Amino acid sequence: AEGGEAEGEAEAEAEAEEGEEGEEGEEEEEHFTAVDLDAACMLLGGVTFVMFLFQLVNINDDDVRRYAWKVVSNTISIFMAVLFFQGNNQMLEMKAKEWGWSPAVMVLLEFIHCSFYVISMFAMVGYVTGVWEENVDLGKMEWVYADAMLCNFEEVVPEQKVRAVKQGVMDATKSVALDEQYGMEIAVVKKAVEHDKRWRQNKAWSTLLAHMGGFAAISAGGAMQHLETFKSNPLLAFLPVVITTIVLFVLFQMTGILRAKLKSDAKRTGRPGKRAIMVHEIISEAENDILALAISFNLIQVARFAIEGQLPDIEGRQEPPIPVTLTRAFLMFGCSLAFVGLSIGMAGVRTKIVESAEKAKEAAHAKSHPGEAHHGAEHGAAKEGEEAEDETMAERLTDIIMNAFAMCSAWCTLFGARAVWMLSGINDKIEVTSIDGRILLAIMLSIGSFVVVYYLDKVDDAMRPSPGAVNTSSAEKAISSIVGAISVLVGFTWENSFDGAVAAVASLNSAHPQCTKFVLGIVVFGSLAIPWRRFILKRALQLEDLKMARDKALIIKSKQDALKALAEAGNHLDVTRPLLH
């Protein structure tokens, strides 16, 4: 009996020990490190955010889809451009310190750096467009696959496979072609393939190089603001904004002379000048973006100097850090709303300028051709296609100022959001300057930005004269400008996150962190540039083309309806006369 009791006690002790070990094991399994939590949040948040993007870019609204693809495209472009620029700029600054160059010389170097991107942009766009060789006909119409679900979407189809060609309908623009492999018919359309291909390539290069040039101009203006001459008070710090704008305008006037020469050469030799027009349109738009970026960021630096009492560094950081107050955060958001109002106001001014110019053209035409009064609108529409590339200086200035104000609003929102983060209790656990904080802020601002884009589209729809009609008011121009500014906001927040990630990886090579960051920037740029151009930018441009085609069709339809109404009222007009535009 005693032996049995001893055995029972031993078994009970063994079971108790096993139970304790099991509990310890369970406790060990439930213990997670900070790295585990970061990885878990990244996994869950990343998948959720990606699915949110998928839903947004495929939403059942073409306008919202267009805005969403535009924001995504510009975000990736800004990220690549800034990362590549910062790698180059850090190498430049490192060599300047080694050689003992003064801050004033660095300002000059930054302007040269900006000029390098502008010249490279002009050379690349000219090369891709083919302004120095006219061997390829950009207006040649070819049949291409029109089914977006196919991997060979927009590839050229041999004419002998197209049903319309087989039936002898040579003026057809839509038809079907037989897929011999599967024995099924595929929709095809006729379009200027070479023109569209070069246009997209040019848009890719001009967008990237314009963003690089814009941030180089920001760096030049920021370096000038930190010279002893200008950094004493906000009024003096504003002067570099004006000087930077003047320098860029002078530089752009030089490229304007070259663009005008390309058009005059084409006209003198009797060529249609499609390449010269393409270069003019793409370079003008890119130069406007450079100016808007440079003006907006450095102007907000001045505003923050006035609000916070200390001029931020070139990257927008306060060194040394200063206390953040709720008043300053609200002032930044107030400035954001004020700049939105100014941007909308400039859109209205631009509309008035365009309307005045159109009325002056119509009056001049009516005076010189009094017998064509009935067809003045048709004449203006026909001429519009020929003169669309010529933009007056007043229109260009209002475009730049409107975009600059919209971007000012985006910068104010970014710095205001950072201030609110620092005032909240979140900053005690996750600092906004940490990589975790940067990613979380980028996600929150991205979601908020897309919500704003959704409701901006609702505003645009509400301001149309009728459902499906073309919105010709200044609202559409202002909304487009604000969406572009939102792209800058989202792009810069994500760039800030990736910049921190690249800096963290570069710190592993403590001996040469600048060189490591430079190499990483090149690798990331090379990895993202081709897929961005082929898929993301391409889809954004396709949706923009769809909008333009719909607007043109609605304009033609409205003019035809107006002519029919006049004819029914007894005004005998030839309604069968074709409307060319």
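Here the residue numbers are simple positions, counted from 1 along each chain's written sequence. Local features in this predicted model are restricted to residues whose pLDDT is 70 or higher, and side-chain atom pairs enter the listing and the counts only when it is 80 or higher, whereas totals over whole chains, interfaces and linings include all residues. With hydrogens and water set aside, each side-chain value is computed from the structure's full complement of heavy atoms.

On a plain count of helices and strands, the protein chain comes out with 15 helices and 3 strands. Contact between two residues is taken to exist if any of their heavy atoms lie within 4.5 Å; hydrogens are not considered. Within the protein chain, residue pairs in contact and separated by at least 24 positions form 74% of the contacts whose partners lie at least 6 positions apart. For every accessible area listed, the method is Shrake-Rupley and the probe measures 1.4 Å; residues are considered covered only by the protein chains on display. Taken as a whole, the protein chain presents about 31,500 Å² of accessible surface, with 63% of it coming from carbon and sulfur. Starting at the N terminus, helices and strands are each numbered in turn, a helix being any DSSP run of H or I of at least four residues and a strand any DSSP run of E of at least two.

In this scheme Phe, Tyr and Trp rings, the latter by its six-membered ring, pair at centre separations within 6.5 Å, and the angle between planes marks the pair as stacked below 30 degrees, edge-to-face above 60, and tilted otherwise. The final tally for this structure, using the stated rule, is 13 aromatic pairs. With a centroid separation of 5.0 Å and 35 degrees between ring planes, the pair formed by Phe84 and Phe525 is classed as tilted. Highlighted residues: Phe84 in helix α3 (residues 62-99) and Phe525 in helix α15 (residues 513-568), separated in sequence by 441 residues. Aromatic pair Tyr454 and Tyr455: ring centres 5.3 Å apart, planes at 90 degrees, arrangement edge-to-face. Judged by its relative accessible area of 29%, Tyr454 falls in the partly exposed class. Only protein chains enter the calculation, and the probe is 1.4 Å; a residue is then buried if its accessible area is under 20% of its type maximum, exposed if over 50%, and partly exposed in between.

Take the nonpolar core next. The set of buried Ala, Val, Leu, Ile, Met, Phe, Trp, Tyr and Cys residues whose side-chain atoms join them within 4.5 Å is what this entry labels a nonpolar core. Membership of the largest hydrophobic core comes to 103 residues, with the highest contact counts inside it found for Met121, Phe215, Leu248, Ile300 and Trp411. Apart from the residues lying within four places of it in its own chain, the contact partners of Ile300 are Met332, Phe339, Cys408, Trp411, Cys412 and Phe415. The next biggest cluster of nonpolar side chains, apart from the first, holds 9 residues, and it includes Trp143, Tyr145, Val157 and Val188.

Right, let's talk about the sheet that holds strand β3 (residues 184-191) for a bit. As summarised here, the arrangement of the 3 strands in space is β1-β3-β2, forming an open sheet in which the pairing is antiparallel. The two strands at the open ends of the sheet, each matched to only one other strand, are β1 (142-145) and β2 (174-179). Pairwise comparison of adjacent strand axes, ignoring direction, gives a mean angle of 45 degrees for this sheet. Where β2 and β3 come together, 6 bridges link them in antiparallel fashion. Each residue of the ladder has a partner; that of Ala177, found in β3, is Ile186. Any two strands with at least two DSSP-identified bridges between them are counted as paired. Inter-axis angles, ranging from 0 to 180 degrees, are taken between N-to-C directions of lines fitted to C-alpha atoms, where helices are fitted over the stretch in contact.

The next subject is the packing of helix α2 (residues 34-57) against α3. Two elements in contact, α2 and α3, have axes whose closest approach is 8 Å; the angle formed by their N-to-C orientations is 135 degrees. Considering their axes alone, α2 and α3 lie oblique with respect to each other. For the pair α2 and α3, contact is made by Leu53, Leu56 and Val57 and by Val64, Arg65, Ala68, Trp69 and Val72, respectively. We call Asp, Glu, Lys and Arg charged. Ala, Val, Leu, Ile, Met, Phe, Trp, Tyr, Cys and Pro are nonpolar, and the rest, Gly among them, are polar. Looking at the contact of α2 with α3, its residues break down into 7 nonpolar, no polar and 1 charged. Each angle gets one of four labels, with under 35 degrees taken as roughly parallel, over 145 as roughly antiparallel, 65 to 115 as roughly perpendicular, and the rest as oblique.

Attention shifts here to the confidence of the model for the protein chain. Scored by pLDDT, the protein chain has a mean of 83; 87% of the residues are at 70 or more. Low pLDDT (under 50) marks residues 373-389, which in the prediction has 18 contacts with non-local residues, meaning those over four places away or in another chain. The pLDDT value tells you how sure the predictor is about a given residue, anywhere from 0 up to 100.

What follows covers the side chain of Gln301. Note on placement: Gln301 falls in helix α8 (residues 274-308). With residues near it in sequence (within four places) discarded, Gln301 still touches Gln225, Leu311, Pro312, Asp313, Ile314 and Gly316.

With that out of the way, let us pick up the pairing of β3. By the bridge criterion, 4 bridges tie β1 to β3 in an arrangement that is antiparallel. Directly across from Tyr145, in β3, lies its bridge partner Val188. Where β2 hands over to β3, the hairpin turn is made up of 4 residues, of which Gly183 adopts a positive phi near 70 degrees.

Let's shift gears to the pattern of salt bridges. What counts as a salt bridge is simple: a side-chain nitrogen of Lys or Arg found within 4 Å of a carboxyl oxygen of Asp or Glu. Taken as a whole and judged by the stated rule, the model has 23 salt bridges. Notably, a salt bridge pairs Arg304 with Glu308, separated by 3.6 Å at the nearest N-O pair. Within this pair, Arg304 and its partner Glu308 are both found in helix α8, separated by 4 residues, close to a single helical turn. Arg304 gets classed as buried once you look at its relative accessible area, which sits at 5%.

What follows is about the environment of Lys261. Inspection of the secondary structure puts Lys261 in helix α7 (residues 234-268). The class of Lys261 is partly exposed, set by a relative accessible area of 49%. C-alpha of Lys261 to C-alpha of Ala276: the two residues are 15 residues apart in sequence and 8.9 Å apart in space.

The next point concerns a nonpolar patch on the surface. Taken together, the side chains of Leu43, Leu44, Val47, Val50, Met51 and Phe54 present a nonpolar region at the surface, about 610 Å² in accessible area. One can find Phe54 in helix α2. Here the term patch refers to residues with relative accessible area over 30% and no salt bridge, with like charges joined within 9 Å and nonpolar side chains (Val, Leu, Ile, Met, Phe, Trp, Tyr) within 5 Å.

The next thing to look at is unusual backbone geometry. Omega for the peptide link from Glu319 to Pro320 comes to 0 degrees, which places this bond in the cis form. Phi is positive for Glu154, close to 70 degrees, though the residue is something other than glycine. Of note, Glu154 is situated in the loop between β1 and α5 (163-166). A relative accessible area of 17% means that Glu154 is categorised as buried.

Below, the discussion takes up helix α13 (residues 435-462). An ideal rise of 1.5 Å per residue puts 40 Å on 28 residues; α13 measures up with 41 Å between its terminal C-alpha atoms. Among the residues making up α13, those that are buried are Gly437, Arg438, Leu441, Ala442, Leu445, Ser446, Ser449, Phe450, Val453, Leu456, Asp457 and Asp460. In a helix, the anticipated span is given by 1.5 Å times the number of residues less one.

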